[in-house]
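Here's the letter readout for the chains.
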Amino acid sequence: MGAGISNLDVTPKPESCEPNNVAPLVSSYNERIRPVLDAVENLRRLNITKEGIQLPTIVVVGDQSSGKSSVLESLAGISLPRGQGICTRVPLVMRLQHHSLPKPELVLEFNGKTVSTDEAHVSDAIRDATEELAGDGKGISNTPLTLVVKKNGVPDLTMVDLPGITRVPVHGQPEDIYDQIKGIIMEYISPEESIILNVLSATVDFSTCESIRMSQGVDKTGERTLAVVTKADKAPEGLHEKVTADDVNIGLGYVCVRNRIGDESYEEARAEEAKLFGTHTLLSKIDKSIVGVPVLARKLVQLQAASISKILPEIVKKINERLSSQLSELDKLPKNLASVADAMSAFMHIIGLAKESLRKILLRGELDEYPDDKHMHCTARLVDMLDQYSNDLHKDPKGDADGENFLLEEIKLLEEAKWIGLPNFMPRTVFLTLLQNKVKAISSMPIEFTDKVWDYLEEVVAAVLMRHSEHYYQLQTCTRRAGQSLVAKMKENSTKYVMEVVEMEKLTDYTCSPEYVCEYNKLMINRNQFVKEVNSGKYSQVNLEGFGRVKVLHLSQYRTLLPQAFDLKMRVTAYWKIVLRRLIDSTALHLQFSIFNLVNKDLGDGIVKDMMSPYGGGIERLLEETPSVAAKRDKLKRSIKVLRESKEVMANIMDKISRNGD
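Below is a short write-up of the structure. (Residues numbered from 1 in each chain as written. Predicted model: local features only at pLDDT ≥ 70, side-chain atom pairs only at ≥ 80, totals over all residues. Heavy atoms only, no water.)

1. Some thoughts on the environment of Met159
Stage number 1. Positionally, Met159 belongs in strand S6 (residues 157-161).
Stage number 2. Residue classification places Met159 among the buried residues on the basis of a relative accessible area of 0%.
Stage number 3. Along the sequence, Met159 and Leu300 sit 141 residues apart, while their C-alpha atoms lie 9.5 Å from each other.
Stage number 4. Setting aside its immediate chain neighbours within four residues, Met159 contacts Ile58, Val60, Leu72, Leu75, Leu92, Val93, Met94, Leu96 and Leu300. (Helix = DSSP H or I, 4+ residues; strand = E, 2+ residues; numbered from the N terminus. Buried < 20%, exposed > 50% of the residue type's maximum accessible area, 1.4 Å probe, protein only. Contact = heavy atoms within 4.5 Å.)

2. Some thoughts on the packing of aromatic side chains
Stage number 1. One pass over the structure, following the stated rule, counts 8 aromatic pairs.
Stage number 2. Between Phe406 and Phe547 the ring centres are 5.4 Å apart and the planes differ by 65 degrees, which places this aromatic pair in the edge-to-face class. Of this pair, Phe406 sits in the loop between helix H11 (378-394) and helix H12 (408-416) while Phe547 sits in the loop between strand S10 (541-544) and strand S11 (548-551), and the two are 141 residues apart along the sequence. In this pair, the class of Phe406 matches that of Phe547, namely buried.
Stage number 3. Considering the side-chain rings of Tyr516 and Tyr520, the 6.4 Å spacing of their centres and the 20 degrees angle between planes classify their relative orientation as stacked. Of this pair, Tyr516 and Tyr520 both sit in helix H16 (residues 514-524), 4 residues apart, roughly one helical turn.
Stage number 4. Judged by its relative accessible area of 13%, Tyr520 is buried.
Stage number 5. When the ring centre of Trp576 is taken as reference, the NZ or CZ atom of Lys438 above it lies at 4.9 Å. (Phe/Tyr/Trp six-rings, centres within 6.5 Å; stacked < 30°, edge-to-face > 60°. Lys NZ or Arg CZ within 6 Å of the ring centre and 35° of its normal.)

3. Focus on the pairing of strand S8 (residues 225-230)
Two faces, one strand: in a regular strand the side chains alternate between the faces of the sheet.
Stage number 1. When you tally the buried positions in S8, you get 6 out of 6 residues, the bulk of the element.
Stage number 2. Burial along S8 is two-sided: Thr225, Ala227 and Val229 and Leu226, Val228 and Thr230, pointing in opposite directions, are all buried.
Stage number 3. Alignment of strand S7 (residues 194-201) against S8, held across 6 bridges, turns out to be parallel. Within the sheet, the bridge partner assigned to Ser201 lies in S8 and is Thr230.
Stage number 4. You can see the chain leave S7, run along helix H6 (residues 210-218) and come back into S8, and the turn it takes is right-handed.
Stage number 5. In the sheet, S8 pairs with strand S9 (residues 254-256) via 3 bridges, with the strands oriented parallel. When the bridges of S9 are listed, Val229 appears paired with Cys256.
Stage number 6. One crossover worth recording links S8 to the parallel S9 by way of helix H7 (residues 239-245), and it is right-handed. (Pairing = 2+ DSSP bridges. Right-handed = clockwise from strand over helix to strand, strands pointing away.)

Structure representation (structure tokens):
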């Protein structure tokens, strides 16, 4: 698509600089480029840059008093505001258009207004518009002002004139005036699509110019920077060497000009300029291809055309991509609900999505919805918590396996349970007392574990519900409330369940598992050897399988009860493993069953009841769109409107280019 643009003839024509042969500026303009410039200008009016799409732009920068305004006056053939300090206080977009009109047409566009003016009053009109945009003081504003100049003989160019750079604020200017100006300039010259027209005064050392430093900051190679040297007549000495040596790396070259002086007409000024560079002893040495306002006009038109030919296809591509993206974003927003039936349908759809997400992460362990959020990998996190719960239960809370007081608790209980009867009979009350003591020691752990699990599940349920109802703030309120209420009820049920399990373990000793007998027999194998070593009095510690090294000196005084105490210890130890496994397994099964009911039944019912309750507001509340969604929808619609209009502009210009190419 760019071929038609690339073939546009914008090659500068040779032109004499003799005083009596002053060519009009428009001679550098090719009629075939105008539709493209008009298209770019239409995109600029549509403010397409707010969509992240940059346009090819000639940006005029320069230090204060560098002659920047004079250069623009020479190109446009009109007078711009003059005076002390900063004359350009807002970005001035100058749109020059060659027209064979009986008299020039000048129009200012700003703040959505269009103001017509003429050559005699354009300076005052610009000043008035600037005061409206930036205030009547000496401050600046980044709100642009557009000046359209339709005049016979001007080159077709669009340029943005920016405030002149000053470091020292004068009376009435803000202290940070330099930073404000620099911020505006950097915003305009940073895009790769911008051509930087750097206006330099011949009276200063180029390397000290602030505008050079700024342009070099974004265009180190200078490939998109063109320098205009003003006031050549005031400092001709060494100018030829300065523009030839190019110590400041101006990639697009230099153009030396003489600006209008005093009451000269623009035609007289061009004649004097041609005479100056043609006859002056020093300035006549400068190559004629880089002197004069007409040469500057041709260079700018050529650079503008080349920039457009390079970037226009990319603009078309970016507009299409951005439009597709914005349409996709708009489609993702919930549709406007016009009736209760629409609201009910949307409500059930959201609940269905939330329940399916919870099934994935809580029941099936699927990770596709939260691939990088480990907190939401719920089945894995629940197993982690269950493993920690198991580890905590298996730790001896009373420390009776550290070997310090081995068998003392059993012996003391046996002594207090003595009765008149046959020896070596195991009193069941002693076993139950030991068992109850161990269960009491860990009785808070199941409750703490279930609380921890349900606190985690409350976070998960809330996160899923909020994600699926993010565009319906009315629904978020009731879903959050229903989710919290439901989880609180589930937590209460789980707490009651585990408390009952704990109480059952205290009440009686029972198991049908053969593991108890196997474990008991395994532990009892060591009893005779243990009793023998203790009674010998030779050992202060003995190594006992399953318990490690235990101290035994304190047991020598209990030789009669020692075998029975050992037997009791092994019975409790073997049975305790069964108790712990039962606690862990039953709690895990209960939680899994509760989660299943939560996801598949209770959650949906709870949210529906909450929504339909007096404080829920009813399903009609969904008809009210959240302010944030409404704002986003409006913003997307405005963006899509601009992009569609921009797409139409580009389609029209591409058709014209294609026809011209044919």
